[in-house]
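Chain by chain, the residues:
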Number of protein chains: 2
Amino acid sequence: MKTDLPLSAAPLTRHSGQTLSEQLAGQVAERIRQRLLAPGARLPSVRDAARRHGVSPHTVVAAYDQLLAQGLVEARKQRGFFVRGPQAEPAAARSRAASGADVAAPKVAPIDATALIRGMFQAGGGRPGPGLGTLPAAWLDLPLLHGALRRVLADDRQAGASASALLYGEPAGDPRLRMALSNRLQDLGIPAAPERIVTAVGATHALELISRTLLAPGDAVLVDDPGWAVESARLSRQGLRLLPVPRGADGPDLDVLAALATQHRPRLYVTVSVLHNPTGHTLGLNTAHRLLQLAQAHDFLIAEDDTYAYLAPPHAPRLAALDGLQRTVYVSGFSKILAPSWRVGYLAAPAGLVDRLIDTKLLSTLTSPALLEQAVAVCLEQGLLRRHAEKVGALLASARARSVRLAEAAGCRFLAPPQGLFGWLDTGVDTERLALPLLDAGWLIAPGSLFHASHRPSTAMRINFASSQDAAFWKAFVAARATMKNAGSGPALS
Amino acid sequence: MKTDLPLSAAPLTRHSGQTLSEQLAGQVAERIRQRLLAPGARLPSVRDAARRHGVSPHTVVAAYDQLLAQGLVEARKQRGFFVRGPQAEPAAARSRAASGADVAAPKVAPIDATALIRGMFQAGGGRPGPGLGTLPAAWLDLPLLHGALRRVLADDRQAGASASALLYGEPAGDPRLRMALSNRLQDLGIPAAPERIVTAVGATHALELISRTLLAPGDAVLVDDPGWAVESARLSRQGLRLLPVPRGADGPDLDVLAALATQHRPRLYVTVSVLHNPTGHTLGLNTAHRLLQLAQAHDFLIAEDDTYAYLAPPHAPRLAALDGLQRTVYVSGFSKILAPSWRVGYLAAPAGLVDRLIDTKLLSTLTSPALLEQAVAVCLEQGLLRRHAEKVGALLASARARSVRLAEAAGCRFLAPPQGLFGWLDTGVDTERLALPLLDAGWLIAPGSLFHASHRPSTAMRINFASSQDAAFWKAFVAARATMKNAGSGPALS
């Protein structure tokens, strides 16, 4: 089972049934299988790998030859060994090629974004990964979840043959949840009646419903840069042309956005307005207002991804609130605060779009699980989720303070003020290369390149404040960075 | 709430706050909103509608004028009034146009297929619809579902902070369920180790993962004709070229299939091998063998949709069993036997495809709900599902016998031997036109045109044996058909 695999590589040993080169080849193969080494990634140089594992260069060459023979890596003249891509050409790449798109075409298949999410699923019993995107399991509230589920089962028993479990449920999603969400959104100033709300299998699925409904292959779409890797991978795979909007400590660069909109006529901007991933930035009122004016002037819609809603500062403005849900489709979910595996997310949309979004949902999953949607409704109705979120907020504030101290002591510089779950910081070295020795030491990090649609090298790294409080990680980080600098990894990238 | 709307139209009344024409316009508008009148559908002629509702032709004209003013219908010269399509051009249609596809291009947007699935969700407390695709709620076993859920919650409590609810879960799906499914598939002769299995949010989602992974817009795909309306709508919307393979009482026409494969080089055939929807036909061994030979000769894969697995006769051969899961992706789920709203489905795939399918799932819903997957595992492990399926099989056999008697007494002729959940029969009149007066009388039927990718008119109709046992339906059916014949609806279509 994947979950049983330790993240850290076992040390190579001479007292094993396998030769050292077989052990090394096996470790690398396993990482390729898990996508911790993504297609297109370069393996460490023979000299680096030999030093790191305490073996002779000959052993490393033998191991790489085995990987070559297995078809897992390829040798490129003068450049080294690279992880091979998937055997068949992915559909999105073909359709991208057919549409003649040339904007931000990824250098390699965008699939390596899935390395990070695959990592999420391996963190079960293991060491917390500073690069992961979730709250620690211990911060979540199992009795809260079970209490809500038991309540729904009791209601269902009362209902007998009209129990929700026995029917497909409404295409738009469970009516009880949509009512509770409507109340929640009113509190945020978003005028979403229950008829405007469509539930989905997590916020990711809600974003999928939006882009599948509104965009066709070859269409242009604005995205945050840096931005959430899975989202840009998803949009790329749909055959869309990604238009990266630079996002710094002050938010999206609206001048660039306007120029891109003029030139490429995008139909949609997918953005995280509050506690942006990875920078932690939250849009101010003026930026939000100007952004909506641009959306109107250039006639594009905005998918506002509010995944971190429950970690947000009170009164953070939402685009959908300013806009009155006219040109904005609001998206959120409960994986980051309540229960990742319940996969409950939702969207609230302009009236004219709701039916089309429901049709896309019908053709994708028919409906979504009513039991879990009703359990979320119970948590919302009774104020249980709000109280839980307050507790998590306090834990996160203290974790953030500690992580920031450790990061700065390790010589990192924050690229945006630390807020919410994620920190975005400059390490001074290429973080994609830094990821490999840290993986050997048992730490999964999120290198900056993952957050750029172009996958360009970066010295930035995203940390999860909740899982970066361990001084042992920062010790390993400093050691790995020193090795890289000593090995002459060249000047720091911008 | 949609579910509260009665399926049957309220009689028009002169003692209302609204005029007769306003009432009639309101009823038609509501049906358009619910998609019970699909885009492209023709409204009844003024004369027909006047007679049916007992009002003057002038009242009908006034009602249709109101619908025209609301933009819900359009008038076509000499032809009558038609329901308008969605306002924006759907993405799939655009991309289909761009790819120059001309094979089986639907006459109207394929979206009217969703009328039938939307109907499924309205059947809650109401009269059973002979056209629906589900088992009656009363045939399902709520205590079985709740017992399994309680068992999972108890296990989760033991696990504490590593409880599955608190983690995202494995991308491939819950390991316990995949193990139970592997055992189940071994019983069917399908050699699927747990690593070959990927869970999904229902069988529909599994089919979506397959087509999104294997096909790009413009690609050709073979489908059953007649076949399940939602599947062809889904594939059309993905921008694929549908190649309909005629499927009669003897199964798919392999000569036509071979010719289409030669001419269009499809990459995939999506087919229901056992208890085909709508014909009820199950592939024999020789046809299955020849079909797999064709797949090899023309180098296409087969997505074998085994949605009705638990209603199937014992020893019905599966393509995936003959094939050893080399060229077949097997799909099934539990909505038709256990719990529609749990949305648990799965696929089993050739080894080389599994990782690509998991990546598609990650970018679509990340993972799928572990709680519900584990509850299905409990039902499978303890033989509870098998015993439940035996009970349902007995109920269905008796319902089928009764429905067949009633249908034949009403002058219908079965186009394939009655088996499984669905009957496919010839009514002698255009069933799309027949649907309207029956809807007025409160009965939702599934007209034959829905099961053809071309949406061509048809005198066939699909009935659900479990919900067609009511003599009152067949009485309404005979009356509606007589009205149509008297009104001179023209010669029967083939």
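As annotated in an unreviewed UniProt entry, chain A is GntR family transcriptional regulator from Sphaerotilus mobilis. Its UniProt record, at the heading Sequence similarities (unreviewed entry), says of chain A: "In the C-terminal section; belongs to the class-I pyridoxal-phosphate-dependent aminotransferase family."

A. The packing of aromatic side chains, seen in detail. All names here are of chain A. Across all of its chains, the model carries 22 aromatic pairs over all chains by this definition. A ring pair is formed by Phe-334 and Tyr-346, whose centres lie 6.1 Å apart and whose planes are at 25°; its orientation type is stacked. Here Phe-334 is found in the loop between strand 9 (328–333) and strand 10 (345–348), whereas its partner Tyr-346 is found in strand 10, with 12 residues between them in sequence. The same class applies to Phe-334 as to Tyr-346, namely buried. Cluster of aromatic residues (ring-pair linked, three or more members): Tyr-310, Tyr-330, Phe-334 and Tyr-346.

B. The arrangement of the sheet that holds strand 13 (residues 446–447) of chain B in detail. Residue and element names in this part refer to chain B. Pairing in this open sheet of 4 strands is antiparallel, and the strands run 11-12-14-13 from one edge to the other. The sheet terminates laterally at strand 11 (413–414) and strand 13, the two strands that pair on one side only. As defined by bridge partners, strand 11 adjoins strand 12 (residues 422–426) across 2 bridges and the pair is classed as antiparallel. In the sheet register, Arg-413 faces strand 12, and the bridge partner there is Asp-426.

C. Structural context of the interface of chain B and chain A. Taken residue by residue, the interface counts 79 residues in chain B and 78 residues in chain A. Interface of chain B and chain A: buried area, both sides summed, is about 7,000 Å²; carbon and sulfur atoms make up 65% of it. Where chain B touches chain A, the interface holds 0 salt bridges. There are 12 residue pairs in polar contact (both at pLDDT 80 or more) connecting chain B and chain A. Elements with a contribution of two residues or more to the side of chain B that touches chain A: helix 4 (91–99), helix 5 (113–122), helix 6 (142–159), helix 8 (203–214), helix 9 (229–237), helix 13 (351–365) and helix 14 (370–381) of chain B. The element that contributes the greatest number of residues to the side of chain B that touches chain A is helix 13 of chain B, accounting for 9 residues. Grouping the amino acids of the side of chain B that touches chain A by side-chain chemistry returns 40 nonpolar, 19 polar and 20 charged.

D. Structural context of the pairing of strand 1 (residues 73–76) of chain A. All names here are of chain A. Pairing geometry for strand 1 and strand 2 (residues 80–83), over 4 bridges, is antiparallel. Bridge pairing links Val-73 to Val-83 in strand 2. The hairpin formed by strand 1 and strand 2 contains 3 residues between the paired strands, and Gln-78 there has a positive phi angle of roughly 70°.

Procedures and definitions
Residues numbered from 1 in each chain as written. Chains lettered and ligands numbered in written order. Predicted model: local features only at pLDDT ≥ 70, side-chain atom pairs only at ≥ 80, totals over all residues. Heavy atoms only, no water. UniProt positions renumbered as here; feature names shortened; annotations may be inferred. Phe/Tyr/Trp six-rings, centres within 6.5 Å; stacked < 30°, edge-to-face > 60°. Helix = DSSP H or I, 4+ residues; strand = E, 2+ residues; numbered from the N terminus. Buried < 20%, exposed > 50% of the residue type's maximum accessible area, 1.4 Å probe, protein only. Pairing = 2+ DSSP bridges. Contact = heavy atoms within 4.5 Å. Buried area = accessible area lost by both parts, 1.4 Å probe. Salt bridge = Lys/Arg side-chain N within 4 Å of Asp/Glu carboxyl O. Polar contact = N/O pair within 3.5 Å; in protein donor to acceptor, adjacent residues only side chain to side chain. Nonpolar A, V, L, I, M, F, W, Y, C, P; charged D, E, K, R; others polar.

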